Amino acid sequence: MKQETKEYQYDWILWTIIENASVTHDGSVKEYESLLTLIPHFREALDEIIRQGEAGICLMKLMARYLKRCLTAHDEGRKVAFTTFCFSTPVLYAFDVVPIVVEAMTVLGTFIFKRGTGEFLDYCSEVGFTETSCSSQRGALGAYLAGLGVRPDFIVCDSPGICDTNANSYAFASAYLDIPFFQLNHPPTLADERARRYHQADFRCLVSFLEEQTKKTLDIDRLREVLEEVRKQDELICELTEFQRLTPSPVPNIFNLFLYSGTFLMSGTSDFTELLELMLERVRENAARGVAGSRSGGERVRGFFSYIDHYTTDLRFWRWLESREIAHLGCILSSFWQEDAIYAAGRTEAAYAVRTDSVDAMIDSLAAQMSRMPMVKSIRGPYDAPHMWLDDTMLFTRLLKADFVAYIGTMGCRNTWGMVKLLARDLERRGIPTLILYADAFDDRIQSWEAVTDRIGEFLHLRGLTSGEPGLVSSG
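Bear in mind the structure is a predicted one, so any value in this text is a computation, not a measurement.

Caption draft 1: Fine view of the overall build of the chain. Helix and strand counts for the chain come out as 19 helices and 8 strands. Over its C-alpha atoms the chain spans a radius of gyration of 21 Å, differing by no more than 12% from the 23 Å that the globule rule assigns to 476 residues. Its C-alpha atoms give the chain principal-axis dimensions of about 60 × 55 × 40 Å. The proportion of buried residues among the 476 residues of the chain is 62%. For the chain, long-range pairs separated by at least 24 residues make up 76% of all intrachain contacts whose partners lie at least 6 apart in sequence. Total accessible area on the chain stands at roughly 18,000 Å², and carbon and sulfur atoms take up 50% of it. Of note, the chain has its 50 positive side-chain charges centred 3 Å away from the centre of its 66 negative side-chain charges.

Caption draft 2: Quick peek at the packing of aromatic side chains. If you walk through the whole model with that rule in mind, you get 28 aromatic pairs. Each ring, one from Y10 and one from F113, has its centre 5.9 Å from the other, and the planes form 70°; the classification is edge-to-face. Residue Y10 is found in helix α1 (residues 10-22), and its partner F113 is found in the loop between α6 (102-112) and α7 (118-126); the two are separated by 103 residues along the sequence. Overall, the relative accessible area of 1% leaves Y10 in the buried class. Seen from their ring centres, F85 and F264 are 5.6 Å apart, and the 65° between their planes marks the pair as edge-to-face. On the criterion of sequence distance, the pair formed by F85 in the loop between β1 (80-83) and α5 (90-94) and F264 in helix α12 (residues 254-266) is long-range, its members being 179 residues apart. Judged on exposure class, the residue F85 and its partner F264 are both buried. What links up through ring pairs into an aromatic cluster is the set F305, F317, W318, F404, W449 and F459. Over the ring of F113 we find R115; its NZ or CZ atom is 4.7 Å from the centre of that ring.

Caption draft 3: Structural context of the sheet that holds strand β4 (residues 181-184). Taken in spatial order, the 4 strands of this open sheet run β2-β1-β3-β4, and their pairing is parallel. Every interior strand has two partners, whereas the edge strands, β2 (98-101) and β4, have only one. Taken pair by pair, the neighbouring strands of this sheet meet at an average axis angle of 25°, ignoring direction. Pairing between β1 and β2: 4 bridges, direction parallel. In the sheet register, V80 faces β2, and the bridge partner there is V98.

Caption draft 4: Local environment of the state of the cysteines. Within the structure shown, the criterion is met by 0 disulfides. With no disulfide partner, C157 has as its closest neighbouring cysteine sulfur the one in C86, 8.0 Å distant. As a non-bridged cysteine, C238 has C331 as the owner of its nearest cysteine sulfur, 16 Å distant. Given a relative accessible area of 7%, C238 falls into the buried group.

Caption draft 5: Structural detail: the sheet that holds strand β6 (residues 326-331). The sheet built from 4 strands is open, its strands ordered β6-β5-β7-β8 with parallel pairing. In this open sheet, the two strands that pair with only one neighbour each are β6 and β8 (434-440). If you compare each strand with its neighbour and ignore which way they point, the axes differ by 25° on average. Of the strand pairs in this sheet, strand β5 (residues 301-305) and strand β7 (residues 404-409) are connected by 3 bridges, and their pairing is parallel. By the bridge assignment for β7, G303 is matched with F404.

Caption draft 6: Examining the side chain of Q137 more closely. Locating Q137 in the fold gives a position in helix α8 (residues 135-145). Given the relative accessible area of 0%, Q137 is considered buried. For Q137, the residues in contact, after removing those within four places along its chain, are V102, E103, T106, T165, N166, S169 and Y170.

Caption draft 7: Representation of the packing of helix α11 (residues 220-243) against helix α13 (residues 270-289) in the model. Closest axis-to-axis distance for the α11/α13 pair is 10 Å, and the angle between their directions is 25°. The angle between α11 and α13 falls in the class roughly parallel. The way α11 lies across α13 gives a crossing that is left-handed. In contact with E229, K232, Q233, L236, I237, E239, L240 and F243 of α11, α13 contributes S270, F272, T273, L276, E277, M279, L280, V283, R284 and A287. Tallied by class, residues from the contact of α11 with α13 come to 10 nonpolar, 3 polar and 5 charged.

Caption draft 8: Quick look at empty space enclosed by the protein. The final tally for this structure, using the stated rule, is 7 cavities of 30 Å³ or more. When its volume is computed, the largest cavity comes out at roughly 490 Å³. Forming the walls of the largest cavity are 34 residues, and the residues nearest its centre are E103, A104, V107, L257 and Y311. Elements supplying a minimum of two residues to the lining of the largest cavity: α3 (43-50), α4 (54-72), α6, α8, α9 (163-177) and α12. Its residues assigned to classes, the lining of the largest cavity shows 28 nonpolar, 5 polar and 1 charged. Along the walls of the second largest cavity sit 17 residues, with T241, Q244, N256, L259 and S334 positioned nearest its centre.

Caption draft 9: Region of interest: the packing of α1 against α6. Look at α1 against α6: their axes get within 11 Å of each other, and the N-to-C directions meet at 60°. Comparing their axes, α6 and α1 come out oblique. Of the two possible hands of crossing, α1 and α6 adopt the one that is left-handed. Along its contact with α1, which presents Y10, D11, L14, I17 and I18, the element α6 presents M105, T106, L108, G109 and I112. Per-class residue counts for the contact of α1 with α6 are 7 nonpolar, 2 polar and 1 charged.

Procedures and definitions
- Residues numbered from 1 in each chain as written.
- Predicted model: local features only at pLDDT ≥ 70, side-chain atom pairs only at ≥ 80, totals over all residues.
- Heavy atoms only, no water.
- Helix = DSSP H or I, 4+ residues; strand = E, 2+ residues; numbered from the N terminus.
- Rg over C-alpha atoms; globule rule 2.2 N^0.38 Å.
- Buried < 20%, exposed > 50% of the residue type's maximum accessible area, 1.4 Å probe, protein only.
- Contact = heavy atoms within 4.5 Å.
- Areas by Shrake-Rupley, 256 points an atom, 1.4 Å probe, with all protein chains shown as cover.
- Lys, Arg positive; Asp, Glu negative; His and termini not counted.
- Charge placed at Lys NZ, Arg CZ, Asp CG, Glu CD.
- Phe/Tyr/Trp six-rings, centres within 6.5 Å; stacked < 30°, edge-to-face > 60°.
- Lys NZ or Arg CZ within 6 Å of the ring centre and 35° of its normal.
- Pairing = 2+ DSSP bridges.
- Axes fitted to C-alpha atoms, helices over the stretch in contact; angles between N-to-C directions.
- Disulfide = S-S within 2.5 Å.
- Parallel < 35°, antiparallel > 145°, perpendicular 65-115°, else oblique.
- Left-handed = near helix turned anticlockwise from the far one by under 90°.
- Nonpolar A, V, L, I, M, F, W, Y, C, P; charged D, E, K, R; others polar.
- 1 Å grid on protein atoms, 1.4 Å probe; cavity = no way out; pocket = protein on both sides within 12 Å on 5 of 7 lines; lining within 4 Å.
- Points joined across faces, edges and corners; volume = space filled by probe spheres on them.

Just geometry here; none of it tells us what the structure is for.
Right, here's the structure in full:
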(Lines give C-alpha, C1' and ligand atoms only; values in the text may rest on other atoms or scores of the structure.)
Protein backbone atom coordinates (compact mmCIF):
# COMPACT_ATOMS: atom_id res chain seq x y z
CA MET A 1 0.00 0.00 0.00
CA LYS A 2 1.33 3.44 -0.90
CA GLN A 3 2.52 5.59 1.98
CA GLU A 4 0.18 8.42 0.97
CA THR A 5 -2.79 6.03 1.22
CA LYS A 6 -1.83 5.34 4.83
CA GLU A 7 -1.82 8.99 5.81
CA TYR A 8 -5.53 9.20 6.61
CA GLN A 9 -8.06 6.86 8.21
CA TYR A 10 -10.35 5.29 5.60
CA ASP A 11 -13.60 5.75 7.54
CA TRP A 12 -12.63 9.30 8.57
CA ILE A 13 -12.12 10.26 4.91
CA LEU A 14 -15.52 8.82 3.98
CA TRP A 15 -17.17 10.73 6.82
CA THR A 16 -15.53 14.09 6.01
CA ILE A 17 -16.50 13.84 2.33
CA ILE A 18 -20.09 12.80 3.01
CA GLU A 19 -20.49 15.21 5.92
CA ASN A 20 -19.50 18.11 3.65
CA ALA A 21 -21.56 16.75 0.76
CA SER A 22 -24.62 16.48 2.99
CA VAL A 23 -24.74 20.24 3.56
CA THR A 24 -24.14 21.31 -0.04
CA HIS A 25 -27.83 21.85 -0.63
CA ASP A 26 -28.39 23.86 2.54
CA GLY A 27 -27.50 27.08 0.73
CA SER A 28 -28.89 28.59 -2.48
CA VAL A 29 -29.13 26.79 -5.82
CA LYS A 30 -26.43 29.06 -7.19
CA GLU A 31 -24.11 28.17 -4.32
CA TYR A 32 -24.80 24.47 -4.86
CA GLU A 33 -24.08 24.65 -8.59
CA SER A 34 -20.89 26.65 -7.99
CA LEU A 35 -19.73 24.07 -5.47
CA LEU A 36 -20.18 21.23 -7.97
CA THR A 37 -17.48 22.79 -10.16
CA LEU A 38 -15.01 22.34 -7.29
CA ILE A 39 -15.54 18.57 -6.93
CA PRO A 40 -14.98 17.33 -10.51
CA HIS A 41 -14.87 13.65 -9.66
CA PHE A 42 -17.57 13.25 -7.01
CA ARG A 43 -19.83 15.81 -8.70
CA GLU A 44 -21.93 13.43 -10.79
CA ALA A 45 -22.56 11.01 -7.93
CA LEU A 46 -23.49 13.79 -5.54
CA ASP A 47 -25.81 15.45 -8.03
CA GLU A 48 -27.49 12.14 -8.87
CA ILE A 49 -28.42 11.74 -5.20
CA ILE A 50 -29.28 15.36 -4.43
CA ARG A 51 -31.53 15.73 -7.46
CA GLN A 52 -33.83 13.11 -5.93
CA GLY A 53 -35.05 15.95 -3.76
CA GLU A 54 -35.78 15.58 -0.05
CA ALA A 55 -35.10 11.83 -0.10
CA GLY A 56 -31.63 12.30 -1.59
CA ILE A 57 -30.74 15.11 0.79
CA CYS A 58 -32.01 13.02 3.70
CA LEU A 59 -29.90 10.02 2.61
CA MET A 60 -26.73 12.11 2.56
CA LYS A 61 -27.40 13.47 6.04
CA LEU A 62 -28.21 10.03 7.42
CA MET A 63 -25.06 8.53 5.92
CA ALA A 64 -23.00 11.31 7.48
CA ARG A 65 -24.70 10.66 10.83
CA TYR A 66 -24.12 6.91 10.57
CA LEU A 67 -20.42 7.34 9.79
CA LYS A 68 -19.98 9.78 12.64
CA ARG A 69 -21.55 7.25 15.01
CA CYS A 70 -18.97 4.70 13.85
CA LEU A 71 -16.13 7.16 14.48
CA THR A 72 -17.33 8.31 17.89
CA ALA A 73 -18.77 5.05 19.24
CA HIS A 74 -15.89 4.22 21.58
CA ASP A 75 -15.69 7.76 22.93
CA GLU A 76 -19.40 7.53 23.73
CA GLY A 77 -19.06 4.17 25.47
CA ARG A 78 -20.57 2.01 22.72
CA LYS A 79 -19.25 -1.24 21.34
CA VAL A 80 -18.50 -1.55 17.62
CA ALA A 81 -19.32 -4.71 15.68
CA PHE A 82 -18.03 -5.69 12.28
CA THR A 83 -20.87 -7.30 10.37
CA THR A 84 -22.15 -8.14 6.92
CA PHE A 85 -24.94 -6.81 4.71
CA CYS A 86 -27.09 -9.91 5.24
CA PHE A 87 -26.99 -9.59 9.01
CA SER A 88 -30.07 -7.71 10.17
CA THR A 89 -29.05 -4.83 12.44
CA PRO A 90 -32.07 -4.42 14.83
CA VAL A 91 -30.62 -6.81 17.42
CA LEU A 92 -27.41 -4.74 17.46
CA TYR A 93 -29.33 -1.50 17.92
CA ALA A 94 -31.26 -3.12 20.75
CA PHE A 95 -27.88 -3.62 22.48
CA ASP A 96 -26.77 -0.08 21.52
CA VAL A 97 -23.95 -1.58 19.45
CA VAL A 98 -22.78 0.37 16.39
CA PRO A 99 -22.58 -1.89 13.31
CA ILE A 100 -19.86 -1.37 10.74
CA VAL A 101 -21.22 -3.11 7.66
CA VAL A 102 -18.08 -3.93 5.73
CA GLU A 103 -19.66 -4.27 2.27
CA ALA A 104 -21.39 -0.90 2.63
CA MET A 105 -18.07 0.69 3.58
CA THR A 106 -16.57 -0.82 0.42
CA VAL A 107 -19.36 0.59 -1.73
CA LEU A 108 -18.89 4.06 -0.27
CA GLY A 109 -15.22 3.86 -1.26
CA THR A 110 -15.93 2.73 -4.81
CA PHE A 111 -18.54 5.45 -5.28
CA ILE A 112 -16.40 8.24 -3.90
CA PHE A 113 -12.73 7.53 -4.66
CA LYS A 114 -11.58 8.02 -8.21
CA ARG A 115 -9.02 5.27 -7.65
CA GLY A 116 -11.66 2.91 -6.23
CA THR A 117 -10.58 0.57 -3.44
CA GLY A 118 -7.91 -1.37 -5.38
CA GLU A 119 -5.10 -0.73 -2.89
CA PHE A 120 -7.19 -2.00 0.01
CA LEU A 121 -8.29 -5.03 -2.00
CA ASP A 122 -4.66 -5.88 -2.67
CA TYR A 123 -3.59 -5.24 0.92
CA CYS A 124 -5.79 -8.13 2.09
CA SER A 125 -3.76 -10.43 -0.14
CA GLU A 126 -0.50 -8.89 1.11
CA VAL A 127 -1.35 -9.93 4.67
CA GLY A 128 -2.35 -13.46 3.69
CA PHE A 129 -6.00 -13.49 2.63
CA THR A 130 -6.84 -15.15 -0.66
CA GLU A 131 -7.12 -12.95 -3.75
CA THR A 132 -10.07 -15.00 -5.01
CA SER A 133 -12.23 -13.99 -2.07
CA CYS A 134 -15.15 -11.61 -2.36
CA SER A 135 -14.18 -8.06 -3.29
CA SER A 136 -17.22 -6.63 -1.49
CA GLN A 137 -15.46 -7.24 1.83
CA ARG A 138 -11.84 -6.84 0.78
CA GLY A 139 -12.38 -3.29 -0.49
CA ALA A 140 -12.89 -1.90 3.00
CA LEU A 141 -11.46 -4.77 5.01
CA GLY A 142 -7.97 -4.01 3.71
CA ALA A 143 -8.17 -0.56 5.28
CA TYR A 144 -9.25 -1.95 8.66
CA LEU A 145 -6.60 -4.68 8.59
CA ALA A 146 -4.04 -1.92 7.95
CA GLY A 147 -5.29 -0.06 11.03
CA LEU A 148 -6.89 2.69 8.94
CA GLY A 149 -10.26 2.65 10.66
CA VAL A 150 -12.08 2.21 13.94
CA ARG A 151 -11.02 -1.04 15.57
CA PRO A 152 -14.10 -3.29 16.01
CA ASP A 153 -14.71 -4.96 19.37
CA PHE A 154 -16.11 -8.16 17.88
CA ILE A 155 -17.56 -9.67 14.71
CA VAL A 156 -21.05 -11.05 14.13
CA CYS A 157 -22.12 -12.43 10.76
CA ASP A 158 -24.08 -15.24 9.22
CA SER A 159 -22.98 -17.97 6.87
CA PRO A 160 -26.27 -18.70 5.09
CA GLY A 161 -26.21 -17.80 1.46
CA ILE A 162 -23.40 -15.34 1.72
CA CYS A 163 -20.99 -18.02 0.54
CA ASP A 164 -17.75 -19.39 1.82
CA THR A 165 -15.55 -16.50 0.69
CA ASN A 166 -17.72 -13.96 2.48
CA ALA A 167 -17.84 -15.97 5.69
CA ASN A 168 -14.10 -16.63 5.46
CA SER A 169 -13.44 -12.88 5.25
CA TYR A 170 -14.91 -12.40 8.70
CA ALA A 171 -13.18 -15.46 10.13
CA PHE A 172 -9.87 -14.14 8.74
CA ALA A 173 -10.51 -10.66 10.14
CA SER A 174 -11.31 -12.15 13.54
CA ALA A 175 -8.03 -14.10 13.60
CA TYR A 176 -5.96 -11.21 12.19
CA LEU A 177 -7.39 -8.59 14.54
CA ASP A 178 -7.65 -11.05 17.45
CA ILE A 179 -11.24 -10.19 18.32
CA PRO A 180 -14.23 -12.41 19.26
CA PHE A 181 -16.35 -13.86 16.46
CA PHE A 182 -19.89 -15.26 16.23
CA GLN A 183 -21.40 -16.71 13.08
CA LEU A 184 -25.03 -17.69 12.68
CA ASN A 185 -25.46 -20.97 10.87
CA HIS A 186 -28.23 -22.47 8.73
CA PRO A 187 -29.84 -25.64 7.49
CA PRO A 188 -30.20 -26.06 3.70
CA THR A 189 -33.98 -25.63 3.85
CA LEU A 190 -36.04 -22.63 4.92
CA ALA A 191 -39.70 -23.28 5.58
CA ASP A 192 -39.88 -26.57 7.47
CA GLU A 193 -40.29 -26.95 11.24
CA ARG A 194 -36.77 -28.27 11.78
CA ALA A 195 -35.23 -25.24 10.04
CA ARG A 196 -37.44 -22.88 12.05
CA ARG A 197 -36.38 -24.42 15.37
CA TYR A 198 -32.72 -24.37 14.32
CA HIS A 199 -32.82 -20.65 13.48
CA GLN A 200 -34.54 -19.80 16.76
CA ALA A 201 -32.02 -21.75 18.86
CA ASP A 202 -29.08 -20.34 16.92
CA PHE A 203 -30.36 -16.78 17.37
CA ARG A 204 -30.61 -17.25 21.14
CA CYS A 205 -26.93 -18.21 21.11
CA LEU A 206 -26.26 -14.93 19.31
CA VAL A 207 -28.13 -13.00 22.02
CA SER A 208 -26.01 -14.72 24.67
CA PHE A 209 -22.84 -13.79 22.76
CA LEU A 210 -23.93 -10.14 22.55
CA GLU A 211 -24.75 -10.08 26.27
CA GLU A 212 -21.29 -11.42 27.01
CA GLN A 213 -19.53 -8.90 24.76
CA THR A 214 -21.50 -5.84 25.84
CA LYS A 215 -21.79 -6.84 29.52
CA LYS A 216 -25.48 -5.99 29.26
CA THR A 217 -28.64 -8.05 29.39
CA LEU A 218 -31.04 -7.61 26.51
CA ASP A 219 -33.19 -4.53 27.17
CA ILE A 220 -36.70 -5.77 26.39
CA ASP A 221 -38.26 -2.30 26.19
CA ARG A 222 -35.52 -1.13 23.83
CA LEU A 223 -35.92 -4.27 21.71
CA ARG A 224 -39.68 -3.70 21.45
CA GLU A 225 -39.07 -0.08 20.41
CA VAL A 226 -36.65 -1.15 17.68
CA LEU A 227 -39.03 -3.82 16.39
CA GLU A 228 -41.96 -1.41 16.25
CA GLU A 229 -39.79 0.75 14.02
CA VAL A 230 -38.98 -2.30 11.87
CA ARG A 231 -42.70 -2.96 11.51
CA LYS A 232 -43.30 0.59 10.23
CA GLN A 233 -40.43 0.23 7.80
CA ASP A 234 -41.73 -3.08 6.51
CA GLU A 235 -45.07 -1.47 5.64
CA LEU A 236 -43.34 1.34 3.75
CA ILE A 237 -41.04 -1.04 1.89
CA CYS A 238 -43.99 -3.21 0.85
CA GLU A 239 -45.75 -0.15 -0.56
CA LEU A 240 -42.64 0.86 -2.51
CA THR A 241 -42.45 -2.61 -4.04
CA GLU A 242 -46.12 -2.43 -4.99
CA PHE A 243 -45.40 0.72 -7.00
CA GLN A 244 -42.68 -1.06 -8.95
CA ARG A 245 -45.37 -3.20 -10.57
CA LEU A 246 -46.78 -0.18 -12.39
CA THR A 247 -45.85 0.49 -16.00
CA PRO A 248 -43.98 2.76 -16.19
CA SER A 249 -42.44 2.22 -12.78
CA PRO A 250 -42.64 5.49 -10.80
CA VAL A 251 -39.76 4.39 -8.57
CA PRO A 252 -36.44 6.10 -9.42
CA ASN A 253 -33.81 3.45 -10.13
CA ILE A 254 -31.49 4.72 -7.45
CA PHE A 255 -34.20 4.27 -4.80
CA ASN A 256 -33.36 0.55 -4.91
CA LEU A 257 -29.89 1.50 -3.66
CA PHE A 258 -31.38 3.81 -1.03
CA LEU A 259 -33.70 1.01 0.09
CA TYR A 260 -31.20 -1.74 0.65
CA SER A 261 -28.34 0.41 1.91
CA GLY A 262 -30.71 1.95 4.45
CA THR A 263 -31.91 -1.49 5.51
CA PHE A 264 -28.39 -2.84 5.86
CA LEU A 265 -27.16 0.10 7.93
CA MET A 266 -30.16 1.51 9.77
CA SER A 267 -32.98 -1.02 10.02
CA GLY A 268 -34.90 -0.43 13.23
CA THR A 269 -33.92 3.25 13.54
CA SER A 270 -36.25 6.22 13.16
CA ASP A 271 -33.72 7.69 10.71
CA PHE A 272 -34.48 4.99 8.17
CA THR A 273 -38.24 5.38 8.63
CA GLU A 274 -37.91 9.06 7.77
CA LEU A 275 -35.97 8.22 4.60
CA LEU A 276 -38.56 5.67 3.46
CA GLU A 277 -41.41 8.15 4.00
CA LEU A 278 -39.64 10.73 1.83
CA MET A 279 -38.98 8.15 -0.88
CA LEU A 280 -42.63 7.12 -0.92
CA GLU A 281 -43.73 10.72 -1.18
CA ARG A 282 -41.68 11.13 -4.36
CA VAL A 283 -42.93 7.82 -5.79
CA ARG A 284 -46.57 8.67 -5.11
CA GLU A 285 -46.14 11.96 -6.95
CA ASN A 286 -44.66 10.18 -9.97
CA ALA A 287 -47.43 7.58 -9.93
CA ALA A 288 -50.12 10.28 -9.77
CA ARG A 289 -48.57 11.92 -12.85
CA GLY A 290 -48.24 8.58 -14.63
CA VAL A 291 -44.52 9.03 -15.26
CA ALA A 292 -41.53 6.81 -14.70
CA GLY A 293 -39.02 7.52 -11.96
CA SER A 294 -36.36 8.43 -14.54
CA ARG A 295 -35.24 12.00 -15.17
CA SER A 296 -37.07 12.04 -18.51
CA GLY A 297 -40.16 10.35 -17.11
CA GLY A 298 -39.83 7.67 -19.79
CA GLU A 299 -39.33 3.93 -19.63
CA ARG A 300 -38.17 1.81 -22.55
CA VAL A 301 -37.39 -1.54 -20.99
CA ARG A 302 -37.67 -3.16 -17.57
CA GLY A 303 -34.89 -5.21 -15.98
CA PHE A 304 -34.59 -7.35 -12.86
CA PHE A 305 -31.08 -7.93 -11.54
CA SER A 306 -31.09 -11.43 -10.15
CA TYR A 307 -28.14 -10.98 -7.81
CA ILE A 308 -26.36 -7.69 -6.98
CA ASP A 309 -25.83 -4.36 -8.75
CA HIS A 310 -22.63 -2.83 -10.17
CA TYR A 311 -20.81 -0.40 -7.86
CA THR A 312 -18.35 1.27 -10.20
CA THR A 313 -17.10 4.75 -9.35
CA ASP A 314 -19.30 7.82 -9.41
CA LEU A 315 -22.63 5.92 -9.55
CA ARG A 316 -22.12 5.30 -13.25
CA PHE A 317 -24.26 2.13 -13.18
CA TRP A 318 -27.35 4.02 -12.05
CA ARG A 319 -26.75 6.97 -14.33
CA TRP A 320 -26.18 4.71 -17.35
CA LEU A 321 -29.42 2.81 -16.80
CA GLU A 322 -31.29 6.08 -16.47
CA SER A 323 -29.76 7.55 -19.62
CA ARG A 324 -31.13 4.52 -21.54
CA GLU A 325 -34.48 4.68 -19.76
CA ILE A 326 -33.98 1.18 -18.40
CA ALA A 327 -36.15 0.65 -15.34
CA HIS A 328 -34.33 -1.11 -12.50
CA LEU A 329 -36.91 -3.30 -10.76
CA GLY A 330 -34.71 -4.38 -7.91
CA CYS A 331 -32.29 -7.20 -7.21
CA ILE A 332 -31.78 -9.90 -4.63
CA LEU A 333 -30.57 -7.23 -2.19
CA SER A 334 -33.90 -5.40 -2.21
CA SER A 335 -36.09 -8.39 -1.32
CA PHE A 336 -36.65 -8.93 2.41
CA TRP A 337 -39.73 -11.18 2.54
CA GLN A 338 -41.99 -9.33 4.96
CA GLU A 339 -45.33 -11.06 5.46
CA ASP A 340 -47.18 -8.30 3.57
CA ALA A 341 -44.81 -8.13 0.60
CA ILE A 342 -46.49 -8.75 -2.74
CA TYR A 343 -44.10 -11.59 -3.45
CA ALA A 344 -45.02 -13.29 -0.16
CA ALA A 345 -48.68 -13.66 -1.12
CA GLY A 346 -49.51 -17.36 -1.02
CA ARG A 347 -46.01 -18.07 0.35
CA THR A 348 -46.44 -17.17 3.99
CA GLU A 349 -44.13 -19.98 5.06
CA ALA A 350 -41.29 -18.18 3.26
CA ALA A 351 -41.98 -14.79 4.90
CA TYR A 352 -41.44 -13.39 8.38
CA ALA A 353 -43.72 -11.41 10.67
CA VAL A 354 -42.76 -9.01 13.46
CA ARG A 355 -44.41 -9.90 16.78
CA THR A 356 -43.82 -7.88 19.95
CA ASP A 357 -46.26 -9.41 22.46
CA SER A 358 -43.61 -11.36 24.40
CA VAL A 359 -39.83 -11.71 24.68
CA ASP A 360 -39.89 -15.07 22.94
CA ALA A 361 -42.08 -13.68 20.16
CA MET A 362 -39.63 -10.82 19.58
CA ILE A 363 -36.56 -13.06 19.49
CA ASP A 364 -38.32 -15.54 17.20
CA SER A 365 -39.31 -12.63 14.92
CA LEU A 366 -35.68 -11.54 14.71
CA ALA A 367 -34.56 -15.10 13.98
CA ALA A 368 -37.13 -15.37 11.19
CA GLN A 369 -36.16 -11.99 9.75
CA MET A 370 -32.44 -12.83 9.84
CA SER A 371 -33.01 -16.14 8.07
CA ARG A 372 -34.80 -14.31 5.24
CA MET A 373 -32.25 -11.60 4.59
CA PRO A 374 -31.05 -11.26 0.98
CA MET A 375 -29.04 -14.30 -0.11
CA VAL A 376 -29.52 -15.89 3.33
CA LYS A 377 -32.96 -16.95 2.19
CA SER A 378 -32.45 -17.97 -1.40
CA ILE A 379 -28.82 -19.03 -1.91
CA ARG A 380 -28.72 -21.53 0.94
CA GLY A 381 -29.78 -24.67 -0.91
CA PRO A 382 -30.07 -26.08 -4.44
CA TYR A 383 -30.79 -23.23 -6.88
CA ASP A 384 -33.99 -24.88 -8.16
CA ALA A 385 -35.43 -26.01 -4.81
CA PRO A 386 -38.60 -24.39 -3.43
CA HIS A 387 -38.05 -20.82 -2.13
CA MET A 388 -34.55 -20.69 -3.62
CA TRP A 389 -32.88 -18.58 -6.30
CA LEU A 390 -34.68 -19.79 -9.44
CA ASP A 391 -38.06 -19.84 -7.74
CA ASP A 392 -37.63 -16.29 -6.43
CA THR A 393 -36.21 -14.90 -9.69
CA MET A 394 -39.13 -16.23 -11.73
CA LEU A 395 -41.57 -14.85 -9.17
CA PHE A 396 -40.05 -11.36 -9.23
CA THR A 397 -39.78 -11.34 -13.00
CA ARG A 398 -43.47 -12.21 -13.35
CA LEU A 399 -44.79 -9.86 -10.66
CA LEU A 400 -42.71 -6.89 -11.77
CA LYS A 401 -43.19 -7.55 -15.48
CA ALA A 402 -39.46 -7.54 -16.18
CA ASP A 403 -38.38 -7.76 -19.83
CA PHE A 404 -35.03 -9.28 -18.97
CA VAL A 405 -32.87 -10.61 -16.14
CA ALA A 406 -29.19 -9.76 -15.65
CA TYR A 407 -26.59 -11.31 -13.35
CA ILE A 408 -23.68 -9.32 -11.90
CA GLY A 409 -21.40 -10.75 -9.20
CA THR A 410 -17.80 -10.74 -8.07
CA MET A 411 -14.90 -13.08 -8.69
CA GLY A 412 -15.53 -14.49 -5.22
CA CYS A 413 -19.19 -15.41 -5.76
CA ARG A 414 -18.48 -19.11 -6.02
CA ASN A 415 -21.89 -20.16 -4.71
CA THR A 416 -23.69 -18.44 -7.57
CA TRP A 417 -21.03 -18.94 -10.25
CA GLY A 418 -21.55 -22.65 -9.71
CA MET A 419 -25.20 -22.45 -10.72
CA VAL A 420 -25.75 -19.23 -12.67
CA LYS A 421 -25.54 -20.90 -16.09
CA LEU A 422 -28.19 -23.40 -15.02
CA LEU A 423 -30.30 -20.52 -13.72
CA ALA A 424 -29.93 -18.65 -17.03
CA ARG A 425 -30.78 -21.81 -19.00
CA ASP A 426 -33.95 -22.37 -17.00
CA LEU A 427 -35.03 -18.74 -17.30
CA GLU A 428 -34.43 -18.74 -21.07
CA ARG A 429 -36.50 -21.93 -21.42
CA ARG A 430 -39.35 -19.99 -19.81
CA GLY A 431 -38.95 -17.17 -22.31
CA ILE A 432 -37.06 -14.75 -20.05
CA PRO A 433 -34.02 -13.17 -21.81
CA THR A 434 -31.10 -13.52 -19.40
CA LEU A 435 -27.65 -11.96 -19.44
CA ILE A 436 -24.62 -13.12 -17.43
CA LEU A 437 -22.01 -10.40 -16.92
CA TYR A 438 -18.47 -11.48 -16.05
CA ALA A 439 -17.46 -8.24 -14.38
CA ASP A 440 -16.59 -7.75 -10.73
CA ALA A 441 -19.15 -5.41 -9.19
CA PHE A 442 -16.54 -3.81 -6.90
CA ASP A 443 -13.34 -3.95 -8.94
CA ASP A 444 -13.19 -2.43 -12.43
CA ARG A 445 -9.76 -3.98 -12.99
CA ILE A 446 -11.47 -7.32 -13.72
CA GLN A 447 -13.59 -5.90 -16.53
CA SER A 448 -13.90 -2.24 -17.39
CA TRP A 449 -17.15 -0.39 -16.90
CA GLU A 450 -17.12 0.44 -20.61
CA ALA A 451 -17.00 -3.28 -21.45
CA VAL A 452 -19.93 -3.89 -19.11
CA THR A 453 -22.10 -1.28 -20.81
CA ASP A 454 -21.13 -2.64 -24.22
CA ARG A 455 -22.31 -6.10 -23.14
CA ILE A 456 -25.62 -4.88 -21.78
CA GLY A 457 -26.25 -2.66 -24.81
CA GLU A 458 -25.44 -5.48 -27.22
CA PHE A 459 -27.69 -7.89 -25.34
CA LEU A 460 -30.65 -5.52 -25.35
CA HIS A 461 -30.19 -4.79 -29.04
CA LEU A 462 -29.77 -8.40 -30.17
CA ARG A 463 -32.74 -9.58 -28.13
CA GLY A 464 -34.90 -6.83 -29.58
CA LEU A 465 -35.59 -5.25 -26.22
CA THR A 466 -34.80 -1.68 -27.17
CA SER A 467 -35.44 0.32 -30.29
CA GLY A 468 -34.97 3.94 -31.27
CA GLU A 469 -33.21 6.42 -29.05
CA PRO A 470 -34.00 7.26 -25.44
CA GLY A 471 -35.64 10.56 -24.73
CA LEU A 472 -32.79 11.85 -22.66
CA VAL A 473 -29.56 13.08 -21.60
CA SER A 474 -25.98 12.14 -21.23
CA SER A 475 -24.73 8.63 -20.62
CA GLY A 476 -22.32 9.57 -17.85
